[in-house]
Structure formats: structure tokens, C-alpha cells
Amino acid sequence: MKIKRSFLGSVALLALAAGAAQAQDMPFEVGEGDFQWDGYTAFADEYDLSGQTVEITGPWTGNEKAKVDVVFRYFEEATGANVNYSGSDSFEQDIVISARAGTAPNLAVFPQPGLAADMARQGLLTALPDDTADWVSENFSAGDSWVDLSTYEGPDGESHVYGLFYRVDLKSLVWYSPIAFDEMGYEIPETMEELKELTQQIVDDGGTPWCIGLGSGAATGWPATDWVEDLMLRTQEPSVYDQWVSNEIPFNDPAVVEAVEEFGWFVRNDDFVQGGAQAAATTDFRDSPNGLFSVPPECYMHRQASFIPAFFPQNVELGADADFFYFPAYEEKDLGTPVLGAGTLFSITKPSEATDAMLEYLKLPIAHELWMAQDGFLTAHAGVNPEVYATDAQRAMGEILANATTFRFDASDLMPAEIGAGAFWTSMVDYVTGASAEDVTAAVQSRWDSIR
């Protein structure tokens, strides 16, 4: 790398650019606001990549592409390099084809680690430097979890870190109406034991605790798999969860049966679910939270991921009419505060000096804060300033991630498609409508055995 310019010179040039012609694609003026600019200006002083280009492809299109382009624009201004990002709805197919043909871009943004692991084994990804694992462990909340999720076997059978996680999605949430809770005097539960007590208290008070909908067209059943995955993390050590995902333990292992039956405690009691268990199996997941907002409430709680407000009635205001809390862990099991979710990771598909610099840039808090400030972004980076989050809701979700002791990816996304997006879905519908946990988990394992 080359020394680019003095500290003061870089700040002056950056501020000038931000305030003039590039104001539209550099919407935050360097040195102002709650952003952590010190690391950015030091980075700008360190790198001169003029004339170099970083080619990147990933799943972000439309509005999301516009937001990440802002993040990349600040990298361009700091280094003099060009960044060409192309988003694709068929990213998973495109990246495999281009990598095998030798025409891959420098970086690929994987929406889940399964494909990245497959490409690493095939020798289509370049391992990150050996100190990356230590850096992630020290600088990410639940850092060891993120190291585990980005460590794969290479073609030589040796394990290395092959990706740097960036944007995170959060699933371990329970949505509720603050107005309805206040009217009944209900407190936010801090443990799973308290959540179960609240569930029974709502019934005793004449209400219905849960709105649950598993319907999703051809994907019916997937919301139930999220419940089971969250409960696996709350009843078993993370290592057991990992063994389940990889089928090192069978799908009908007692640990899995226990998690399914814990889900059943909530969903198979007709008093606990709006319309009863049979209705839960057929209600569309997009319609299921509506009961939170009826008067009187048709249900009081809804466990669903961070995206669900997109399906709330139009007049519902987040923070006033709707809010959320962390889907809590069991106090008695002492398994910390596990979080279920998803996330995107950057991996090297074609090394270069500018590519290495981009990964160093993505380690900076500012590379996360620039999207945080635009909304629709969560990060596990422990060094970011939470005040930069665009909304109170995003900030509260960021706090849940910051407090996580374990993070695990959605299990069904990591299993073979015929299991995670097939047998697991349908078996959960069978369970909700009356089949035993032992029978449905055995059926999934039988299907897994048939595809080996």
C-alpha cells in the first residue's frame, strides 16, 4: 500500500467532496454527526488505490443496492479506487457459474453461509488472513459465534475463516401492543419461565395470548421451524444445535423432540392460540399479527422476525401501537442469551490489493454506521455507535444483538433444501394438527436418510 496524503489534507478533500458535487451520494458530511470518523480518516490516509477497481456482487437490489452504494462511495473517496457493485435476484446461481468459469468478481456477498461453505470446499473462495478469527471474536458481539459461522473446510481439508459478516437479520422477537399490555397491567417477561407465566395469566384473565400463523402458500410451515430453532437454542448448548443442523445427531434425537414439544406447549393448547391450533396451521403468517391491534385484542403476542411490521395494518405506528421484546431464554437452563437470525458475509472470490482494503474498510464501525443511518440495517459489530441507528426500533434490535451470548443462523436455511425447505416445514404442520413430536421428527430423519 502507499501513503496517500496527510491527515488534514484527506479530511479537507473529503469534506469538500461531501459538501459539493458528491453530496447526493455522500449524504453524511465527514466529521459531523455521531459517526466514528476517526477510523475513517486514518484509513483514508493509509491507502492510495487510485486506478484500481473492486468488483462486488450480492443479493441487494433496488433500495438496498442504493444504500450499500452509499457505503461503497465513502470507500471510493477514501482510497481513490472504484467500486462496481451489481445486485442480482439470482445471486446464488450466478456466483457459482462465474466462479467456475474464472470470471468471478473480487467479492461476493453471501446471504447465508451454506453456499459459501460449499464454494470454499471447492476451492472457489480465498481464505481470509489468519488473524481474522481473533479480530472477529474480539470485535463482534457473540464473536465466537460469527467465527464459527464463517469457518469452513478448504479443498485441502483444513479449516479457515472465509468470510466477514456484515448485515444481520434478527428473528428472536416477540411483538405486542403496548396499549393492550398497559391496559391489562402486563409486564415484559425477562425469562422463558416468566413468558409462560404471562401466557397462562392472559388466559386466566379471559384473553388469548398468542397469534400464530403458519400459512405461506407453498412454503407453509416455515414460521413453525423458526419457533423450534429458537427453542433449540434455549434448551440445548449451541454445539447440539450445530450437530442437529449438520445431522450429526438425527433429526429425531431427544434434544430435537424436546424443542418441538416446547413449541407444542405454546401452539397445541387451543386456549393459547387465536382460533386454536387448527387455525394456526392454516392462517397466513402475513395476516396472523392483525389480532394484536383489534379492540379488544384478539391476541396479545406474536413471535416473528424483524420484518413483520411490513404486514401490520397501515395505521399501526411502531413504538406506539406496536413494539417488541427479546424472545427470552430459560433462567434455569443457564444458556445465556441466544439469538436466532440470519446475515450476509463478504467473501473473496478474486483476490487483489483493493479487495483486501475493502475488507479492512468493512471492519471499521463507519462502514456499518453509514447503512445504519439509512435504516434497514443491523450489525453485530460491537464497536458501532448505537445512536447512529435511524430509528428507536432499529436501536433496540441492535441492543438485543449487542447483548447476545450466542448467535446462530436459521437452521432450515442451512439444511439440504429437501429438508429445510420441505420435510421440516410439512412435518411441523403435521405436528401442530395432532401428530406426535416423535413421529414427525422420525419422518424428517427418514427423508434425510433417503437423500444421502
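Right above here is the structure, for reference.
Residues numbered from 1 in each chain as written. Predicted model: local features only at pLDDT ≥ 70, side-chain atom pairs only at ≥ 80, totals over all residues. Heavy atoms only, no water.

## Overview of the side chain of Glu369
Note that Glu369 resides in helix H15 (residues 365-372). For the buried Glu369, which has no salt bridge, the nearest side chain bearing the opposite charge is Arg395, at an N-O separation of 11 Å. A polar side-chain atom of Glu369 sits 2.8 Å from a polar atom in the side chain of Gln36. With residues up to four places along the chain from it excluded, the contact list for Glu369 reads Phe35, Gln36, Val384, Asn385 and Val388. (Helix = DSSP H or I, 4+ residues; strand = E, 2+ residues; numbered from the N terminus. Buried < 20%, exposed > 50% of the residue type's maximum accessible area, 1.4 Å probe, protein only. Lys, Arg positive; Asp, Glu negative; His and termini not counted. Salt bridge = Lys/Arg side-chain N within 4 Å of Asp/Glu carboxyl O. Polar contact = N/O pair within 3.5 Å; in protein donor to acceptor, adjacent residues only side chain to side chain. Contact = heavy atoms within 4.5 Å.)

## Observations concerning the pairing of strand S7 (residues 173-176)
The side-chain alternation of S7 yields two buried faces, one formed by Leu173 and Trp175 and the other by Val174 and Tyr176. Examined bridge by bridge, S7 and strand S9 (residues 323-326) share four bridges and lie antiparallel to one another. Bridging from a neighbouring strand, Leu173 pairs with Tyr326 of S9. Bridging between S7 and strand S8 (residues 301-303) involves three bridges; their strand directions are antiparallel. (Pairing = 2+ DSSP bridges.)

## Here's the deal with the pairing of strand S6 (residues 164-170)
Residues in a regular strand project their side chains so that they alternate between the two faces of the sheet. The element S6 is largely enclosed, with a buried count of six among its seven residues. When S6 meets strand S10 (residues 338-348), the two strands line up antiparallel, connected through five bridges. Bridging from a neighbouring strand, Leu170 pairs with Gly341 of S10.

## What to know about helix H4 (residues 91-101)
Listed in full, the buried residues belonging to H4 are Phe91, Ile95, Val96, Ser98 and Ala99. On the buried face of H4, the contacting elements are strand S1 (53-58), strand S3 (107-110) and helix H5 (113-121). Looking one or two places after H4, you find Gly102, whose phi comes out positive at around 80°.

## Describing the nonpolar core
Counting residues in each nonpolar core, the largest one holds 102 residues, and the members touching the most others are Ile56, Tyr74, Phe75, Phe110, Phe346 and Tyr361. The leading source of residues in this core is helix H3 (residues 62-79), at seven residues. If we skip the residues at most four places from it in the chain, Ile56 touches Phe72, Val83, Asn84, Tyr85, Ser86, Pro105, Leu107, Val109, Phe346 and Met358. Counting residues in hydrophobic clusters, the runner-up holds 57 residues, among them Val203, Trp227, Ala259 and Tyr330. (Core = buried A, V, L, I, M, F, W, Y, C linked by side-chain atoms within 4.5 Å.)

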